[in-house]
Amino acid sequence: MGRKKCVQGNSTPPTNISAFRDEERRWKSRLAAPDLSLAFDADNIAWDSLMTAGRLRGIWTSGSGATEECWRVDLDELAELGGLLGQSRWKGKQRQGENDYAIIIRACTNSSLRAGFVFFPRVLSESFQRDLVGETLCHAGQPNLTSLDNHYTLPPGGLWNAWKEGRGDELVWRKRSATSTDAAPSDAAPAAARDQERAPSESCIDKDPAATTVGDLLPKLRWANVGWHYNWTTKLYEFERGQPPLPPLIYSCCRTLARSMPWQHAYPDLRHACDDPAASPPRPDWQRWKEAYEPDAGIVNFYQLKDSLTSHVDLAEVDAVSPLVSLSLGHSSVFLIGGTTRDVPPLPVLLRSGDALIMSGAGRRAYHALPRVLEGTLPDYLRADAAEADPEWGLYGEYLERGARINVNVRSVF
Ligand SMILES: O=C(O)CCC(=O)C(=O)O
Ligand SMILES: [Fe+2]
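Fair warning: this is a prediction, and the values are worked out from it, not measured in the lab. (Residues numbered from 1 in each chain as written. Chains lettered and ligands numbered in written order. Predicted model: local features only at pLDDT ≥ 70, side-chain atom pairs only at ≥ 80, totals over all residues. Heavy atoms only, no water.)

1. Observations concerning the coordination of the iron ion (ligand 2)
Spelled out, the test is: Distances up to 2.8 Å from the metal define which N, O and S atoms are donors, and 3.2 Å serves for Na, K and Ca; water is absent from the atom set, so sites may look incomplete. Each residue is placed in one exposure class: buried if its accessible area under a 1.4 Å probe, protein chains only, is under 20% of its type's maximum, exposed if it is over 50%, and partly exposed if it falls in between.
Coordination of the iron ion (ligand 2) by the protein is provided by His312 (NE2), Asp314 (OD) and His368 (NE2), with metal-donor distances spanning 2.1 to 2.2 Å. Coordination of the iron ion (ligand 2) draws on donor residues from a single chain, spaced H-x1-D-x53-H in sequence. Since its relative accessible area comes to 3%, His312 is described here as buried. Residue classification places Asp314 among the buried positions, given a relative accessible area of 4%.

Right, here's the structure in full:
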């Protein structure tokens, strides 16, 4: 099943559905308000009072009584991080709502597949979040391909830049024969449908007449590639197309987060610490990431309130264990992180604007999904009238207010 408009939940679920699909259906259902007490929330962790071996142990308890053990570790101080995320955070003047630590979930249990899954709650400063939103929208156009390029002859500078220049009524023509990149989602072959996971709601596009306008099309934008071009149909990188550089803020933010992570805590030698030595996850070459991690490809996902992204793994990269850095902007959402098969029940994680997460090592092979964007959760500092924002922010804020969440998802191909 692809990214699509949500349909009303079905009251008689099939019996042979996998644990992952079952959880996805629950979060997608609009029959009742989502029960957020069931989602891992960094604000609801009971932390020990004393740090041992450079980390603080915490327990998160779900509304159903299930618990998750996690470790809180301070990020390694890097000059670039201070520059990117706000100088004051590194000078002892922590500002409210912004953090400089990471949480390692289930670092020492027999669920070793979550090894290498690291969560950075509210790590991006408010002003940096606004800058990133601006960068993602302005770069959703040539040379970067978007979800709409197969269907429409888009303005050369991209839809957003045309909108920003006041060209919202400008006509955009539909292409005569759209290729299969955005083929209609199919339930029959979910595992093979990597391209379809990101398909814009085909029904919206099918209903469009031969021409539409910049303004009407903007909410239908679902993704933009950045960096090396990835072909969603062949599921291969197209290196012959050359390598557009990653947009500068995305590049420096993701690179710096991966390098600032004290990876020794995510990949400790668990042989003595765990009850079950076999649970000790393989240790990737994380020392190299600290000095040499270079993101070079990624996707920016633009979600509207009823959009979702179905369960998948991201394994197209040559180096399929190095950090995949993911940034959340705009409305909050529920992310599911599971195991190597859809039979492993996933952990729901509440993602707020400004949160980052990294999947790495064995955790790169874990199924994950984004079943729900949460209505009414846009922070005030991202609204059109945010007092402290630049005068041009208004248009960006309006775009987010209409219901958007933006996810930046960056990897290192080699
Ligand atoms: O939107 C998200 O947080 C997840 C996106 C994702 O998993 C992907 O783009 O591969
Ligand atoms: Fe993914």
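Text resumes after the structure shown.
2. A look at the pattern of salt bridges
The criterion, for reference: In what follows, salt bridge is the name for a side-chain nitrogen of Lys or Arg lying within 4 Å of a carboxyl oxygen of Asp or Glu. Helix and strand definitions here come from DSSP, where helices need a minimum of 4 consecutive H or I residues and strands a minimum of 2 consecutive E residues; each element is numbered from the N-terminal end.
Under the definition given, this model contains 21 salt bridges. Residue Asp48 pairs with Arg57 through a salt bridge whose shortest N-O separation is 3.6 Å. Here Glu294 makes a salt bridge to Arg255, at a shortest N to O gap of 3.1 Å. Highlighted residues: Glu294 in the loop between helix H10 (286–292) and strand E12 (297–303) and Arg255 in helix H8 (residues 248–260), separated in sequence by 39 residues. One network of salt bridges, in which partners are shared, links Asp41, Asp43, Arg122 and Arg352.

3. Here we look at the UniProt feature "binding site: Fe cation" (unreviewed entry) in the chain
Stated precisely, the cut-off is as follows: UniProt positions are given in the numbering used here, feature names are shortened, and annotations may be inferred rather than shown by experiment. Two residues form a contact once any of their heavy atoms are found within 4.5 Å.
In the numbering used here, UniProt assigns the "binding site: Fe cation" (unreviewed entry) feature to His312, Asp314 and His368. Of the residues just listed, which span 57 residues, no C-alpha pair is farther apart than 9.2 Å, and they cluster in one region. Along the chain, His312 turns up in strand E13 (residues 309–312). Within the secondary structure, His368 is located in strand E18 (residues 368–373). Taking the relative accessible area as the measure of exposure, His368 reaches 6% and is therefore buried. Apart from the residues lying within four places of it in its own chain, the contact partners of His368 are Phe20, Thr310, Ser311, His312, Val313, Asp314, Phe335, Leu336, Ile337 and Met359.

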